[in-house]
Amino acid sequence: MEEQNLILAVDVGTTDTKAVLVSPDGFLDSRQASCELLYPDHSCVEQSPEDLAGAVYGTCGGLMASHPDLKKRLAGMVFTSQMQNTIPVDTAGKPIMNMLSWMDERAARFTQDVMFKGLIKIEGYPIMKLLKIMRITGGLPGKNGKDTLCKLAWMKRNRADLYDRAHRFLDVKDYAIFLATGNYVTSYDMAWITWLMDTRNRDQEKWTWSGAVHSMFGLDPRKMPELKPSTAVAGKVTREFSAKTGVPEGLPVVNGSGDMLTAAIGSGAIEPGRMHVNIGTAGWIATHHPCMAVNTAHYIGTIASGIPGVYLIISKQETSGAALDWLKGILYPGGLAKDMASGEVYADMDRMAAQSPQGANGVIVTPWLYGERSPVNNPCLRGQIFNIELDTSRADLCRAAMEGVAFNIRWGMRYVEQLSRRKSRPATDEVRLIGGGSKSAVWCRIFADVLQKPVVRMMNPQMACAQGAAAIAMVSLGIYRGFGDIERMLQKGERFDPDPAARRIYDAIFNHFLALYKNNVKEFNRINR
């Protein structure tokens, strides 16, 4: 009899959903579907829960139909997803409105003017509320209104009818688990960044929703899903889900974690202090850490890891790959790109970026196209293309955009390293690079030179979240003895060593990059508040 050791991992990303079949030794096959973002009003970003559900059903169904012979080898199923979204559902689990995306900023003014109103403030937070929330939750929501606490408090004040009607508030992964099992379950990492969970107990399995924080803003903790570890079994595949997808009824569904946490595992950077960078729609630099840590001034700190009992220090940045996507739309409008597939456009941007010298002939791009979260927490920041001249070329713009994202990551890395090195000294300063952006060799080279660290891009970089989620399921179901076994699954790609001669160039431009923030932040606040 063939061994049951395959995992169906489903990654519900911001715009793409992937169902991935994974063995203990790595990626086997996948199916993908897209879900569009909706922009109903200024600062509002939504997605259709029905479209998200359709993507889950369609990708799982397509993968199962292609591999009927492997169904009997499935040991379990697991989910990972984008984080800090809000889907209110009724008592039948049916969404009562579109999902509020993690990019949605409709609660920004409410957060700053109502939630955090006060006379004595530190970093824009009233001191007493700041201390109470941090003491209970281990962190605090940003001022941009994107966090779950802010969205729910806004809804309670401005759409009380919807808030009262909601039976549960779910994030994307929680909603996908409900579709598969009929259960309302979330993981500690997803709950952590709602800023509504009490994390004071050293035993993570004793963490609970905080009645005190909920009551501060008139919220009801009974409307939140059940808390379980990432490795817990959240339920079993229902007959209804099986009928829609072909996934075997009764298959265990492991809880899993959010995409930041599964990507951290899927990068293979398990050792505390070892960095990984993700360049997707958003981006981040992060490392595992043995205990809680926080830098309030730069909105950097720990969240619960997908590895039970471990934490992740992270600097999350709002627009990384999205900045290049924006530039693509400007440089390659529909008419120009009509005969080019999307991949061909990116390849052309790569080719042009390689033609521009280090420093992009003095052009600097700041990638804050939708505000920023870290290392500066400010929803009013916006992007800049600085120091252009008549001779500035498309090549310079492409390279400057890539360099701008790398400078932003370097800025966050400064503070992540400061926190990490209090406890950890990794065996190597090698940085693992994952996400769609890592497919660009030019961009990988830029990261190595800007960070002045060796960069290794992983094979199948866009599968890092799914592979990390699969590793969680394999540990849960006894296929792996521990998370270190994920090295069986992962393959390193090309290594990019930093060019020592680039240090002088990029150190100087990095200082200009920081100056563009310092010299313009007041104007951004005046214009965009």
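All values reported here derive from a predicted model rather than from experimental measurement.

A. Representation of the overall build of the protein. Of the regular secondary structure elements, the protein holds 17 helices and 26 strands. In the protein, buried positions account for 62% of the 529 residues. Taking contacts inside the protein between residues at least 6 apart in sequence as the whole, the part at least 24 apart equals 72%. Summed over all atoms, the accessible surface of the protein reaches about 20,100 Å², with 50% contributed by carbon and sulfur. Side chains of the protein carry 61 positive and 54 negative charges; the gap between the two charge centres is 6 Å.

B. Summary view of the packing of helix 14 (residues 394–420) against helix 17 (residues 502–528). The contact between helix 14 and helix 17 brings their axes to 10 Å, and the two run at 80°. Between helix 14 and helix 17, the angle is such that the two are roughly perpendicular. Counted together, Arg399, Glu403, Gly404, Phe407, Asn408, Arg410, Trp411 and Arg414 of helix 14 and Tyr506, Asp507, Ile509, Phe510, Phe513, Leu514 and Tyr517 of helix 17 form the full contact between these two elements. Partitioned by chemical class, the residues of the contact of helix 14 with helix 17 number eight nonpolar, two polar and five charged.

C. Main features of the sheet that holds strand 3 (residues 26–34). Strands sit in the order 3-2-1-5-16-15 across an open sheet of six strands; the sheet is mixed. Strands at the two margins of the open sheet, each flanked by one partner only, are strand 3 and strand 15 (233–236). Each strand of the sheet is rotated relative to its neighbour by a mean of 20°, with strand direction disregarded. As defined by bridge partners, strand 1 (residues 6–12) adjoins strand 5 (residues 74–81) across seven bridges and the pair is classed as parallel. Looking at the pairing, Asp11 lines up with Thr80 of strand 5.

D. Structural view of the environment of Lys492. Mapped onto the elements, Lys492 comes out in strand 26 (residues 492–496). In this structure the C-alpha to C-alpha distance between Lys492 and Leu397, which are 95 residues apart in sequence, comes to 30 Å. Once residues within four sequence positions are removed from consideration, Lys492 is found in contact with Glu430, Arg432, Val456, Arg457, Met458 and Met459.

E. Geometry of the sheet that holds strand 21 (residues 311–317). In spatial order, the strands read 19-20-21-18-17-24-25-26; together these eight strands make up an open sheet with mixed pairing. Pairing within the sheet leaves two strands with one partner each, and these edge strands are strand 19 (294–295) and strand 26. The sheet contact formed by strand 18 (residues 283–289) and strand 21 spans seven bridges and is antiparallel. Each bridged residue has a counterpart across the sheet, and for Ala286 the counterpart in strand 21 is Ile314.

F. Local environment of the packing of helix 2 (residues 108–115) against helix 4 (residues 148–158). Axis separation between helix 2 and helix 4 bottoms out at 10 Å; the angle between their running directions is 80°. Looking at the two axes, helix 2 sits roughly perpendicular to helix 4. Counting all contacts with helix 2, which are made through Phe110, Thr111, Val114 and Met115, the residues of helix 4 involved are Leu149, Cys150, Ala153, Trp154, Arg157 and Asn158. A per-class count over the contact of helix 2 with helix 4 returns seven nonpolar, two polar and one charged.

G. Summary view of the pattern of salt bridges. Scanning all chains against the criterion turns up 32 salt bridges. Across the salt bridge formed by Arg239 and Glu249, the nearest N and O atoms sit 3.7 Å from each other. Taken together, the positions of Arg239 in helix 9 (residues 239–245) and Glu249 in the loop between helix 9 and strand 16 (252–254) put the pair 10 residues apart, joining distant regions of the chain. Across the pair Lys492 and Glu430 runs a salt bridge whose closest N-O atoms are separated by 3.6 Å. Taken together, the residues Lys492 in strand 26 and Glu430 in the loop between helix 14 and strand 24 (431–434) connect sequence positions 62 residues apart. Taking relative accessible area as the criterion, Glu430 reaches 6% and is therefore assigned buried.

What counts as what
Residues numbered from 1 in each chain as written. Predicted model: local features only at pLDDT ≥ 70, side-chain atom pairs only at ≥ 80, totals over all residues. Heavy atoms only, no water. Helix = DSSP H or I, 4+ residues; strand = E, 2+ residues; numbered from the N terminus. Buried < 20%, exposed > 50% of the residue type's maximum accessible area, 1.4 Å probe, protein only. Contact = heavy atoms within 4.5 Å. Areas by Shrake-Rupley, 256 points an atom, 1.4 Å probe, with all protein chains shown as cover. Lys, Arg positive; Asp, Glu negative; His and termini not counted. Charge placed at Lys NZ, Arg CZ, Asp CG, Glu CD. Axes fitted to C-alpha atoms, helices over the stretch in contact; angles between N-to-C directions. Parallel < 35°, antiparallel > 145°, perpendicular 65-115°, else oblique. Nonpolar A, V, L, I, M, F, W, Y, C, P; charged D, E, K, R; others polar. Pairing = 2+ DSSP bridges. Salt bridge = Lys/Arg side-chain N within 4 Å of Asp/Glu carboxyl O.

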